[in-house]
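One-letter residues, chain by chain:
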Amino acid sequence: MNCNCIDKTEAKLREHFDKDPTLKGRIESVECLGTGMTLLGNSLVTTINIPFAIKADAPGFRSSKGRVTPFIASFCPFCGVSTKKEAASV
């Protein structure tokens, strides 16, 4: 990612839920579960992964969930900055 929106959002969520009297001082962590690492050229970059379930009457697609395939966001859904390294430096 070319931004720090994930870190900022995790911090904001922690702050928000820490205001709840039943959670105050009890939050151990807040972690975005839709992130991953992708190898681009010689660099390892953080990505936002959005899974999609594809169901079809074909082998590998017939389970109750279908076949789950990852979709990697090209732009940060929070700030709109491109996730591509070369686009960030332009």
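Anything mentioned here points back to the structure above.
Some thoughts on the pairing of strand β1 (residues 35-40)
Examined bridge by bridge, β1 and strand β2 (residues 43-54) share six bridges and lie antiparallel to one another. Looking at the pairing, L39 lines up with L44 of β2.

Structural notes on helix α1 (residues 5-18)
Its 14 residues give α1 an end-to-end C-alpha distance of 20 Å, which sits within 8% of 20 Å, the value for a rise of 1.5 Å per residue. Along α1, the positions that sit buried rather than exposed are C5, I6 and E10. One face of α1 carries all of its buried residues, which in axial projection span an arc of 135 degrees. Summarising the geometry of α1, the exposed residues directed more than 90 degrees from the buried face are D7, K12 and E15.

Section: the pattern of salt bridges
Scanning the model with the defined rule gives two salt bridges in all. The closest approach of N and O atoms between K24 and D18, which form a salt bridge, is 3.7 Å. We classify D18 as partly exposed; its relative accessible area is 22%.

Details of the state of the cysteines
The full count for this structure, using the stated rule, is zero disulfides. A disulfide-free cysteine, C3 has its sulfur positioned 3.7 Å from the sulfur of C76, the nearest such atom. Assessed through its relative accessible area of 23%, C3 is described here as partly exposed.

Comments concerning the sheet that holds β2
Ordered by their spatial adjacency, three strands build an open sheet running β1-β2-β3, and the pairing between neighbours is antiparallel. Only two strands of the sheet have a single partner each, and these edge strands are β1 and β3 (67-72). Adjacent strand axes in the sheet meet at a mean angle of 50 degrees when their direction is disregarded.

A word on a nonpolar patch on the surface
Nonpolar side chains collect at one region of the surface, where M37, L39 and L44 lie side by side and expose about 350 Å² of accessible area between them. Looking at where M37 falls in the secondary structure, it is placed in strand β1.

Here's the deal with the packing of aromatic side chains
With the rule as written, the count across this model stands at one aromatic pair. With 5.8 Å between their ring centres and 85 degrees between their planes, F52 and F71 make a pair best called edge-to-face. Taken together, the residues F52 in strand β2 and F71 in strand β3 connect sequence positions 19 residues apart. Of the residues examined, F71 reaches a relative accessible area of 45% and is grouped as partly exposed.

With respect to the nonpolar core
M1, C5, I6, I48, A73 and C76 together form the largest nonpolar core, which totals six residues. Residues within four places of C76 in sequence aside, it is in contact with M1, C3, C5, V81 and T83.

Criteria and thresholds
Residues numbered from 1 in each chain as written. Predicted model: local features only at pLDDT ≥ 70, side-chain atom pairs only at ≥ 80, totals over all residues. Heavy atoms only, no water. Pairing = 2+ DSSP bridges. Helix = DSSP H or I, 4+ residues; strand = E, 2+ residues; numbered from the N terminus. Expected span 1.5 Å × (residues − 1). Buried < 20%, exposed > 50% of the residue type's maximum accessible area, 1.4 Å probe, protein only. Arc of directions from axis to C-beta. Salt bridge = Lys/Arg side-chain N within 4 Å of Asp/Glu carboxyl O. Disulfide = S-S within 2.5 Å. Axes fitted to C-alpha atoms, helices over the stretch in contact; angles between N-to-C directions. Patch = residues over 30% accessible without salt bridge, like charges linked within 9 Å, V, L, I, M, F, W, Y side chains within 5 Å. Areas by Shrake-Rupley, 256 points an atom, 1.4 Å probe, with all protein chains shown as cover. Phe/Tyr/Trp six-rings, centres within 6.5 Å; stacked < 30°, edge-to-face > 60°. Core = buried A, V, L, I, M, F, W, Y, C linked by side-chain atoms within 4.5 Å. Contact = heavy atoms within 4.5 Å.

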